[in-house]
Amino acid sequence: MQHVIFGLLTGGVLAAATVGFALIRQTENILHIAHGQMLALGAFLSVILITNAGMNVFVAGVVSMLVMGVLGVALGIVVFRPVKDEGGNVLLFTSIGLAFVIYGAIIAIFGTVLRPVPVGFGPRIEFSVPEFVLVLVLAATLAALVGWLLANRSRRAEHRAVVGRWAELWAARGTGVALGLATVAATVLFVLATQSDGFGADNRALNIATGELGMILLSLGAVLSLQFFLSLTRMGRWLRAAASNPALAAVRGIPVRVVSNVVWFIGSALAAMAGVMIAVRRGGVTSPLGWENILVILSAAVLGGTGSIMGVMAAAVLLGLAMDVSALWIPTAYRLVVAFGALILVLFVRPEGLFSTRRRAEQAA
Amino acid sequence: MSTLAAISALSSPTFWVSLLTLIGIYASVTMLLNVESGWGGMWDLGIVGLLAIGSYTYTIVTNPPGEFEVSYAPGWPVWAGILAAMLMTGIVAFLVGLPALRARREYFLIITFAFAEVFRQLAINLGDLTHGTVGFNSVARPFESFFQRDALRAVLLVVTWGAALLVYALTRRISRSGYGRALRAMRDNEPAALSLGIRVSRLRLQTFVLVGVAIGGIAPLYMWWLRYANPNVFRAQFTFTAWTALVLGGIASRFGPVLGVAVLLLFTELVELIDVPPELRNVHVAVHPLAIGLLLVLVLRFRPEGLLSERRTFGERARRQTALDVAMAAVASRLRRLGRGDAVRAEAL
């Protein structure tokens, strides 16, 4: 049962990175493989700040996010802008090349040994399964309420049309089915997990550390703020416009280059945040960190589909859940295999992703 | 002191034999990658996975029984091992390709990347078969009873380049045949290819399996050179070294892959020779990925068609520009200028 908590933690932490990846994918049209290396670099940077400069973990995290954000913008301008018109494959391999350059830089600067991170997680909170379910239901209700409120309060038509995306997440036929299926799957996993472990109303069977809870909330908060940013601010609208139709956006006078920079900043900062969290959770960083995570991020982003940030976050959380709950029946070493299995399965059943609002299924090229 | 060591290594035939063998192996793999990715348009990021299957199959079936604690060690002769490797890799390529090739190019890429990692995880976890993370530290090589050490290495070098020549002849044959034309048609314009009666999905699967079988044949060569097999060997870095060599040499050209491999490997291996003090050890290890990365980015930025372009291989004349081309070019350049944020200029249009 504790595995569900692990899953939520894994998924929650990855959600930040995945959302950043998805944002870059949708706006810049790049499968940004180097995103994993940005995550690793952010992790290493924060570790250095914590151990060598004695910074508090939160401060180190924020500094790391800012630095990686700026670096991301710089790389976007120097590396990607010149090849922007060349097509998806050139962009992809440029990103792969960049990933290797950053990986090489990490090895050159930080070496290949494990660097431990001494960060405490705080006291563990214990709670029982029914309490957990209650919290989940409350959270879901709250989210639905906020979404509905936002959708209806917005007076400006364009806001409503776009914030209504939140409601659309539940309303769109295909997405609704996907979400329903996902809920069913999650419930089944949940029930099976409780069967394996025993169900007890008074039994304080679950626990989570304060720090871990903090990580989930921070990640969630970051994604939510991004969603609000995209829906309700002017820059957010520009971003969405540039993502859906760059030429038209440019013609309408949207400063496409500024938008591009903002995207790189946000994406890289989110990657750094996830990196810091992963490092802290693991208790250390090693050089393959980037490569280990990029595949899961990739899977979660493809799983989530294009069209909504919340969908990508949901996909990341679901994937994390699947990976960790599967540990009940499959050896933990196969976590990645489970992630890919889920990805491949979804790619054949619903190629546009679980939560995509586009109905057109993507055909073979 | 270090320069002396480097020079002595450079003049030692063993070093060159070893390096040239590796170049031959990578050249074969990259040429095969070119067939499926450059001509076939199937961007395969999982080539190391197929190599792993071939290598492990060969090693597992040719290891003398009892030498390693594994549950299956039939101890077959070398030639049987090679055939088994080719067969197994072909089968796996078929099983992977059947579902994977139905997906879009972007997703095919991801799926192959994922499968390569899955195979690596399987190699780690199926310890009964693969001896886990420790792997196998000796590999059965042919002609071991006839030649010793340096002579054996020289013989294997000849065998490797013989194989590379075979692969080159194969790619040359393909490039000049209807098969090659069908591949490139499928890559460039699938609906048109379909309308011409090319059975695209069958062609794709055929090519993928063919490349798989060939990689299965190259895998034993790699094992003879490396002389050990463990999951750590078959990491994504191999795939991307091949890809960088391919991009550098020129995707979809015929000799490009060989040229790219030669340039890339010569560079990285020569740098490896440089004796470095312990403080710079990390930088030394980092050279290989840095080289791959920088080369990839720079080549794609400044000469995306690589050293030898496809046009040179296939002798196509540049199409004469029609009025439509000129108009499209003008519109494209205007949009690019707009894209650079010149909103005021947009009004002036």
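Residues numbered from 1 in each chain as written. Chains lettered and ligands numbered in written order. Predicted model: local features only at pLDDT ≥ 70, side-chain atom pairs only at ≥ 80, totals over all residues.

Description of helix H8 (residues 210-232) of chain A
Piece 1. For H8 of chain A, built from 23 residues, the straight-helix expectation of 33 Å at 1.5 Å per residue is met to within 8% by its first-to-last C-alpha distance of 32 Å.
Piece 2. Buried residues of H8 of chain A: Glu212, Met215, Ser219, Ala222, Val223, Leu226, Gln227, Leu230 and Ser231 of chain A, and no others. (Helix = DSSP H or I, 4+ residues; strand = E, 2+ residues; numbered from the N terminus. Expected span 1.5 Å × (residues − 1). Buried ≥ 20, exposed ≤ 12 C-beta atoms within 10 Å, placed from the backbone.)

Regarding the environment of Leu224 of chain A
Piece 1. Relative to the helices and strands, Leu224 of chain A resides in helix H8.
Piece 2. Residues Leu224 of chain A and Asp324 of chain A, spaced 100 residues apart in sequence, show a C-alpha to C-alpha distance of 24 Å.

Quick word on helix H14 (residues 335-349) of chain A
Residues lying three or four places apart along an α-helix face the same way, a consequence of the helix completing one turn every 3.6 residues.
Piece 1. Taking 1.5 Å per residue, 15 residues should reach 21 Å; H14 of chain A reaches 21 Å between its end C-alpha atoms and fits that length.
Piece 2. Inspection of H14 of chain A places Val337, Ala339, Phe340, Ala342, Leu343, Ile344, Val346 and Leu347 of chain A among the buried residues, and these make up the whole buried set.
Piece 3. Elements that come into contact with the buried residues of H14 of chain A comprise helix H12 (289-304) and helix H13 (309-325) of chain A together with helix H5 (105-125) of chain B. (Contact = placed C-beta atoms within 7 Å.)

Details of the confidence of the model for chain B
Piece 1. Taken over all residues, the pLDDT of chain B has a mean of 83, while the share at 70 or more is 89%.
Piece 2. Within the model, the stretch residues 343-349 of chain B combines pLDDT values under 50 with 7 contacts to residues more than four positions away or in other chains. (pLDDT = per-residue confidence, 0-100.)

Considerations on the confidence of the model for chain A
Residues and elements named next belong to chain A.
Piece 1. Residues with a pLDDT of 70 or more make up 75% of chain A, whose mean pLDDT is 78.
Piece 2. By mean pLDDT, the top-scoring element of chain A is helix H3 (residues 57-80) (92), and the lowest-scoring one is helix H6 (residues 157-171) (50).
Piece 3. Contacts of residues 167-175 to residues separated by more than four positions or lying in other chains number 16 contacts, the stretch itself having pLDDT below 50.
Piece 4. Contacts from residues 198-202, a stretch scored under 50 in pLDDT, to residues over four places away or in other chains number 7 contacts.

Things to note about the interface of chain B and chain A
When the parts of a complex come together, some accessible area is lost, and that lost area is often taken as the interface size.
Piece 1. Across the contact, 43 residues belong to chain B and 50 residues belong to chain A.
Piece 2. For the side of chain B that touches chain A, the elements supplying multiple residues, two or more each, are H5, helix H11 (236-249), helix H13 (281-302), helix H15 (323-339) and helix H16 (343-348) of chain B.
Piece 3. Ranked by residue count, the leading element in the side of chain B that touches chain A is H13 of chain B, at 13 residues.

A few points about unusual backbone geometry
Piece 1. Positive phi, normally seen in glycine, also occurs at Asn29 of chain A, with a value near 65°.
Piece 2. Along the polypeptide, Asn29 of chain A turns up in the loop between helix H1 (2-28) and helix H2 (34-52).
Piece 3. Asn29 of chain A gets classed as partly exposed once you count the C-beta atoms within 10 Å, which come to 14.
Piece 4. Positive phi, close to 65°, is recorded for Arg227 of chain B, a residue that is not glycine.
Piece 5. Looking at where Arg227 of chain B falls in the secondary structure, it is placed in the loop between helix H10 (200-226) and H11.

Looking at the nonpolar core
Residue and element names in this part refer to chain A.
Piece 1. Counting 212 residues, the largest nonpolar core has Val19, Ala274 and Leu319 as its most contacted members.
Piece 2. The element that contributes the greatest number of residues to this core is helix H11 (residues 256-282), accounting for 18 residues.
Piece 3. Those residues in contact with Val19, other than ones at most four positions away along the chain, are Val223, Leu226, Leu270, Ile309, Val312 and Met313. (Core = buried A, V, L, I, M, F, W, Y, C linked by C-beta atoms within 7 Å.)

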